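# Results of the structural survey
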Amino acid sequence: MNPKAMFALNITMIFAGSAIVAIAYNLFLLPNRIASGGVSGFATIVYDVFGIEPAITLWAFNIPLFLAGVLLLGGFKYGAKTIIGTAFLPLVVLLTSELPPATQDPLLGALFGGIGVGLGLGLVFRAQASTGGTDLAAQILNKYTGVSLGASVVFFDGLIVFTSALVFNLELALYALIGLYITGKTIDIVQTGVGYAKVALIITNDETHVRQDILQKVDRGVTRLEGYGGYTDKKRPVLMCVVNRNEVTKLKQVVQAADPHAFVIVTNATEVLGEGFKKKEVGYN
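Just so it is clear, the model here is predicted, and its values are computed rather than measured.

### Quick word on the overall build of the protein chain
Within the protein chain one finds 10 helices and 4 strands. In sequence order, the protein chain lays out its α and β elements as α-α-α-α-α-α-α-α-β-α-β-β-α-β. Taking 2.2 N^0.38 as the reference for a compact globule, 285 residues should give roughly 19 Å; the C-alpha atoms of the protein chain span a radius of gyration of 24 Å, well beyond that estimate. Along the longest, intermediate and shortest principal axes, the C-alpha atoms of the protein chain span 70 × 45 × 40 Å. For the protein chain, with 285 residues in total, the buried portion stands at 44%. Pairs at least 24 residues apart make up 74% of the contacts formed inside the protein chain by residues separated by at least 6 positions. On the protein chain, roughly 15,000 Å² of surface is accessible, and the fraction owed to carbon and sulfur atoms is 64%. The distance from the centre of the 21 positive side-chain charges to the centre of the 19 negative ones in the protein chain is 8 Å.

### Description of the sheet that holds strand S1 (residues 197-203)
An order of S2-S3-S1-S4 is seen for the 4 strands of this open sheet, with the pairing classed as antiparallel. Lying at the two open borders of the sheet, with one neighbouring strand each, are strand S2 (223-228) and strand S4 (263-269). Within this sheet the neighbouring strands show an average axis-to-axis angle of 25°, counted without direction. Note: S2 against strand S3 (residues 235-244), 6 bridges, orientation antiparallel.

### A word on the pattern of salt bridges
The final tally for this structure, using the stated rule, is 6 salt bridges. Of the charged contacts in the structure, one is a salt bridge between Glu 207 and Arg 211, with a shortest N-O distance of 3.0 Å. Of the two residues, Glu 207 and Arg 211 both sit in helix H9 (residues 207-218), 4 residues apart, roughly one turn of that helix. Accessibility expressed as a relative area gives 12% for Glu 207, which makes it buried. A residue is classified by how much of its surface remains accessible, and Arg 211, at 24% relative accessible area, is partly exposed. Between Asp 213 and Lys 217 there is a salt bridge whose closest N-O contact spans 3.8 Å. Remark: Lys 217 and Asp 213 occur in helix H9; sequence separation between them is 4 residues, near one turn of the helix. Overlapping salt bridges bring together Glu 207, Arg 211 and Arg 224 as one network.

### As for unusual backbone geometry
Here Arg 33, not a glycine, exhibits a phi torsion of approximately 55°, which is positive. The phi angle at Asp 233 is positive, at roughly 60°, despite the residue not being glycine.

### A closer look at the UniProt feature "domain: DUF2179" (unreviewed entry) in the protein chain
Mapped onto the present numbering, the UniProt feature "domain: DUF2179" (unreviewed entry) falls at residues 220-274. Annotation note: span residues 220-274, helix share 20%, strand share 42%, distance between end C-alpha atoms 12 Å.

### Here's the deal with the packing of aromatic side chains
This structure, assessed with the given rule, holds 4 aromatic pairs. On the basis of an interplanar angle of 25° and a centroid distance of 6.0 Å, the ring pair of Phe 28 and Phe 112 is categorised as stacked. Within this pair, whereas Phe 28 is found in helix H1 (residues 3-29), its partner Phe 112 is found in helix H5 (residues 106-126), the two being separated by 84 residues in sequence. Classification of Phe 112 by relative accessible area gives partly exposed; the value is 43%. On the basis of an interplanar angle of 70° and a centroid distance of 4.9 Å, the ring pair of Phe 42 and Phe 61 is categorised as edge-to-face.

### Brief notes about the environment of Phe 50
Examined against the element boundaries, Phe 50 turns out to sit in helix H2 (residues 38-50). Residue class for Phe 50 comes out exposed when judged on its relative accessible area of 64%. Along the primary structure Phe 50 and Gly 118 are separated by 68 residues, whereas in three dimensions their C-alpha atoms are 27 Å apart.

About the thresholds
- Residues numbered from 1 in each chain as written.
- Predicted model: local features only at pLDDT ≥ 70, side-chain atom pairs only at ≥ 80, totals over all residues.
- Heavy atoms only, no water.
- Helix = DSSP H or I, 4+ residues; strand = E, 2+ residues; numbered from the N terminus.
- Rg over C-alpha atoms; globule rule 2.2 N^0.38 Å.
- Buried < 20%, exposed > 50% of the residue type's maximum accessible area, 1.4 Å probe, protein only.
- Contact = heavy atoms within 4.5 Å.
- Areas by Shrake-Rupley, 256 points an atom, 1.4 Å probe, with all protein chains shown as cover.
- Lys, Arg positive; Asp, Glu negative; His and termini not counted.
- Charge placed at Lys NZ, Arg CZ, Asp CG, Glu CD.
- Pairing = 2+ DSSP bridges.
- Axes fitted to C-alpha atoms, helices over the stretch in contact; angles between N-to-C directions.
- Salt bridge = Lys/Arg side-chain N within 4 Å of Asp/Glu carboxyl O.
- UniProt positions renumbered as here; feature names shortened; annotations may be inferred.
- Phe/Tyr/Trp six-rings, centres within 6.5 Å; stacked < 30°, edge-to-face > 60°.

Set out below in structure tokens:
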């Protein structure tokens, strides 16, 4: 894909992702008072206490945070694309503020709100952009205090959830934690897929026979790695093979038939790019 088409695709993903986040916020999170982290969670608290429109709070905090990120983090890390997400998300929140709630059940609100926000943010992140908010605050804290980025994110999101427990009640704060967890898992799925492939590591004394049978009977490539026995300190070949989920049983049967004493480890592969699997991802620069 040429650079112009890639840039257009990224911009489309930012607009679409920001819109999905905003709609999920108005349909599920705000009406159920689910403040699951981020500036949007803070906006929920402010709206409930002071009646200020969430879009206003989002603009009031996201834009200064973005400018602070530019000044303190050494330039436009995400550039124009993050400006789009930072400005467009609150706009859609404002335009869809009259939508009727999809549910009055806080558990359903946390679950489906978390899915919607995670789906939208996942699209924005795939475009190598951001919607601003506490992510930028976490990066600033990380740079100037040495606190890890993960701990910084947890700190800001946890602070908002803790505040919601004081302003609302503990039960709604617990629902907010559920929403936060679901959001993170959904972002991972959007970013890397659902883990449809498996990686098999095979330790065998009959490497030639096993390798040839995998190549011919399973029709998958094999990579030969060099390993050493931890007890014997002897060199042991390790065969690595990546297969689809529906090929795992066949692979194990072929290996067992070739070498009944082979040691086989099968684990998930979150994402596989290359011949025989998914082609090169779109949506990245």
